[in-house]
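Survey of secondary and tertiary structure
Below are the chains, spelled out letter by letter.
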2 protein chains.
Amino acid sequence: MSKYTPVDLTFSEIIAASKRIEKRAFKTPLLRNDKLDQLVGGRVFIKPECLQQTGSFKFRGAFNRLQLIPEADRAKGVVACSSGNHAQGIAYSASLLGMPATIVMPQDAPKIKVERTRAFGADVVLYDRANEDRDAIAEELCSKTGATFVHPFNDTGVIVGQGTVGLEVWEQTRALGVTPDLLVSCTGGGGLTSGIALALETLLPECGVYTAEPEGFDDYARSLAADRILENERKAGSICDAVLTPAPGENGFSVMRRRAAGSAVVTDQQALEAVAFAISELKLVVEPGGAVALASLLSGKIDVRGKTAVIILSGGNIDPELIAKALV
Amino acid sequence: MSKYTPVDLTFSEIIAASKRIEKRAFKTPLLRNDKLDQLVGGRVFIKPECLQQTGSFKFRGAFNRLQLIPEADRAKGVVACSSGNHAQGIAYSASLLGMPATIVMPQDAPKIKVERTRAFGADVVLYDRANEDRDAIAEELCSKTGATFVHPFNDTGVIVGQGTVGLEVWEQTRALGVTPDLLVSCTGGGGLTSGIALALETLLPECGVYTAEPEGFDDYARSLAADRILENERKAGSICDAVLTPAPGENGFSVMRRRAAGSAVVTDQQALEAVAFAISELKLVVEPGGAVALASLLSGKIDVRGKTAVIILSGGNIDPELIAKALV
């Protein structure tokens, strides 16, 4: 088993992950909102992963991945690098499994994410997003202690964990007698989106899966168009901190190459307006990076008129100052 | 059928209401939060009625009650008086049924509630909460047009509609194999709390139902202790606008006299802290009046150590300025 591929990217691994995490992960609900439907002219189902353990979908992949570590290696701990949500997912998962955790986080990560990661008992190592290589820092930490490195989106054990979101979307829409035409997911490195796409490839093959990204960090949109992995020019500089990754992960991209139906790119302002809409209309607290899928509908970047759509609100760990800014 | 008692307060009327509203009311989820459980030392299930149509549970009672109006009388319209959430529930229900609606609202109601009520197509008549009698204003409007007056909490058709919250709590906890020891509900005039209590009298008779109110508006706590209806001295002056009623409604009180297990009273500051907790930890937008049940647990006014509790977050229509204030 290679470092980034502890499991194969198959549907049955998503089922296995689902069983592994069901003890602690929440089955988030599938919500509706009449005003949203009226605004976009379609029928929209909202999957609020902001209500997940640690406030984002990341707990699913993290909790699944850590349980894949052999018992004998768990005491050596886990190392992860993350803008914050993966950090919390790993830190909480590690605490539940009694494992030490060290998290490499960017200096400009929202304070709330750093604080919460520490609150779960993890050690936090800060780095400069523009000038340092977080993966290199993490690998060095691992080589010293024998800890397991868990990549936030390129690890297949993480991807199949995130894929449980797709499994639940299928279960929940099926229970309602609904077949979605499309699903839009917030996309950074693509762990969530590719995990969902993998699940729906088996369960809802007719449902188109769309990526949603912030302007300047549209690596998935460009990579899918070019059919090869392209990097972002910038490494920082958007309020959508949760989805600012250098480039698509190879493993997720391998799924999205065959599964992506399209890509949407929204501005920071549109993401912020989606945050405000979520608070005032949906009564849900969503962070900007977790609101880009919603923004892609509200801005008209993805047209759902007459269609049935599912959107993922991927996380809700937003600083109070940014909530205030969004509501002005 | 008298003005305030279009139906009897029986369990079967709650079932009938459930069938009547299921076309448009959401079955709100039952959520968990590990941090909340850790803080209070118990197992807490959260029923977020802020996610309901129009942002509060009030839609349930309103939509049920309006369907009880004979077809021949519907064109004459409906009149209601409300601090805001009942207003929106009535206004939206009326728009769905094609009925004209006039809402009598206090001048100090949150702007957002007045705006939303108008956005649903209702006429709004403002009055002075401290010096005018809203019921008298509403009755005069009805006598002119033949419209049906729908009291926000003393109408039994409204109460059994709110009781569908209790029905869902039973269904949802049962599906999880859980029997709650107690349930805490935000209480103004008592329509929601008595509706739930009525449902649980049949479904979960062993589950204690507690009222939660803000300081200065503890009419239910005092009335239950005295075993007779007592009024509040003040008519205004709390941020918990959703639950500021003059006194318990007779019909709801008749249920609560035999069903109430206890009462909690929290300060405005505790309600505001619960709003902040809901935003930062639960990722849910809750208004102060809708957060008093949560506040009663967080403040320790209701002790749930070692117990399984259900709390109702009754509404989420909060002005942005107050969100900012809560997060400071």
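Positions within a chain are numbered from 1, following the residues in the order the chain's sequence is written. To label them, take the chains in the order written and letter them from A, then take the ligands in the order written and number them from 1. With the structure being a predicted model, the display of local features is reserved for residues of pLDDT at least 70 and the display and counting of side-chain atom pairs for 80 or more, all residues being used for whole-chain, interface and lining totals. The side-chain figures draw on all heavy atoms in the structure; neither hydrogens nor water molecules are used.

Time to look at the overall build of chain A. A tally of helices and strands in chain A yields 15 helices and 9 strands. For the radius of gyration, the atoms used are the C-alpha atoms, and the globule rule reads 2.2 Å times the number of residues raised to 0.38. What you see for chain A is a C-alpha radius of gyration of 18 Å, in line with the 20 Å of a compact globule of 328 residues. Along the first, second and third principal axes, the C-alpha set of chain A runs to 55 × 45 × 35 Å. Throughout this description, buried means an accessible area under 20% of the type-specific maximum (1.4 Å probe, protein chains only), exposed means over 50%, and partly exposed covers the range between. Taking all 328 residues of chain A together, the buried fraction comes to 63%. The contacts in chain A between residues at least 6 apart in sequence include a share of 74% that link residues at least 24 apart. Note on areas: Shrake-Rupley, 1.4 Å probe, and residue coverage restricted to the protein chains presented here. When the accessible area of chain A is evaluated, it comes to approximately 11500 Å², of which 48% is carbon and sulfur surface. Helix and strand assignments follow DSSP, with helices taken as H or I runs no shorter than four residues and strands as E runs no shorter than two, numbered in order from the N terminus. Residue contacts follow a heavy-atom distance rule, with two residues in contact if any of their heavy atoms lie within 4.5 Å.

Right, let's get into the pattern of salt bridges. All names here are of chain A. Any carboxyl oxygen of Asp or Glu within 4 Å of a side-chain nitrogen of Lys or Arg constitutes a salt bridge here. The full count for this structure, using the stated rule, is 42 salt bridges over all chains. In this structure, lysine 3 and glutamate 139 form a salt bridge, with 2.6 Å as the shortest nitrogen-oxygen distance. You can see lysine 3 sitting in the segment before α1 (11–21) and its partner glutamate 139 sitting in helix α7 (residues 134–145), a full 136 residues away along the chain. Using a relative accessible area of 36% as the deciding quantity, one classes lysine 3 as partly exposed.

Counting 88 residues, the largest nonpolar core has Ile311 of chain A together with Ile311 of chain B as the members making the most contacts within it. Residues contacting isoleucine 311 of chain A, with those up to four places away along its chain left out, are Leu36, Val44, Phe45, Ile46, Lys47, Val184, Ala293, Leu294 and Leu297 of chain A. Take the buried Ala, Val, Leu, Ile, Met, Phe, Trp, Tyr and Cys residues and link them wherever side-chain atoms come within 4.5 Å; each set so joined is a nonpolar core.

Now for the domain arrangement of chain A. Residue and element names in this part refer to chain A. The domain limits used here are those given by an automatic or database domain assignment. Per the domain assignment, the segments of chain A are domain 1 (11–56 + 157–327) and domain 2 (59–154). The distance between the C-alpha centroids of domain 1 and domain 2 comes to 23 Å. Once two parts are put together, the accessible area they lose, assessed with a 1.4 Å probe and summed over both, is termed the buried area. Each partner contributes to the roughly 2800 Å² buried at the junction of domain 1 and domain 2, and carbon and sulfur atoms together form 53% of this total. At the surface where domain 1 touches domain 2, the tally comes to 4 salt bridges.

Turning our eyes to something else, we now look at the side chain of glutamate 281 of chain B. When you line up the elements, glutamate 281 of chain B lands in helix α13 (residues 268–282). Excluding residues within four positions of it along the chain, glutamate 281 of chain B makes contact with Arg116 of chain A together with Asn33 and Lys35 of chain B.

Residues and elements named next belong to chain B. Helix axes are fitted to C-alpha atoms over the stretch in contact, other axes to C-alpha atoms as well, and angles between N-to-C directions run from 0 to 180 degrees. Relative orientation of the contacting elements α13 and helix α15 (residues 320–327) amounts to 90°, with a least axis distance of 8 Å. The angle between the axes of α13 and α15 places the two elements in the roughly perpendicular class. Along its contact with α13, which presents Leu272, Val275, Ala276 and Ile279, the element α15 presents Leu322, Ile323, Lys325, Ala326 and Leu327. Think of it as three bins: nonpolar holds Ala, Val, Leu, Ile, Met, Phe, Trp, Tyr, Cys and Pro, charged holds Asp, Glu, Lys and Arg, and polar takes everything else, Gly as well. Considering only residue class, the contact of α13 with α15 consists of 8 nonpolar, no polar and 1 charged. Note on angle classes: values under 35 degrees are labelled roughly parallel, values over 145 roughly antiparallel, values of 65 to 115 roughly perpendicular, and the remainder oblique.

Residues and elements named next belong to chain B. Pairs of cysteine sulfur atoms within 2.5 Å are identified as disulfides in what follows. Applying the stated criterion across every chain yields a total of 0 disulfides over all chains. The thiol sulfur of cysteine 186 is not disulfide-bonded, and the nearest other cysteine sulfur, from cysteine 240, lies at 8.8 Å. Taking the relative accessible area as the measure of exposure, cysteine 186 reaches 4% and is therefore buried.

Here the focus is the relation of the copies chain B and chain A. Structural alignment of chain B on chain A gives an RMSD of 0.0 Å, achieved by rotating through 180° and translating 0.0 Å along the axis. The operation mapping one copy onto its partner corresponds to a two-fold rotation axis. Taking C-alpha positions as reference, the residue of chain B nearest the rotation axis is leucine 284 of chain B, located at 2.4 Å. Here 100% of the interface residues in chain B have copies in chain A that are interface residues too; the copies meet face to matching face. We superpose the copies by least squares over the C-alpha atoms of residues that have a pLDDT of at least 70 in both of them.

Here we come to the sheet that holds strand β7 (residues 208–214) of chain B. Residue and element names in this part refer to chain B. One requirement defines pairing of two strands: DSSP has to find at least two bridges between them. As summarised here, the arrangement of the 5 strands in space is β1-β9-β6-β7-β8, forming an open sheet in which the pairing is parallel. On the outer flanks of this sheet lie β1 (43–48) and β8 (260–266), each paired with one strand and no other. Neighbour to neighbour, the strand axes of the sheet diverge by 20° on average, direction disregarded. Judged from the 5 bridges that link them, strand β6 (residues 182–186) and β7 form a sheet pairing that is parallel. Considered in β7, the bridge of cysteine 186 is made with alanine 212.

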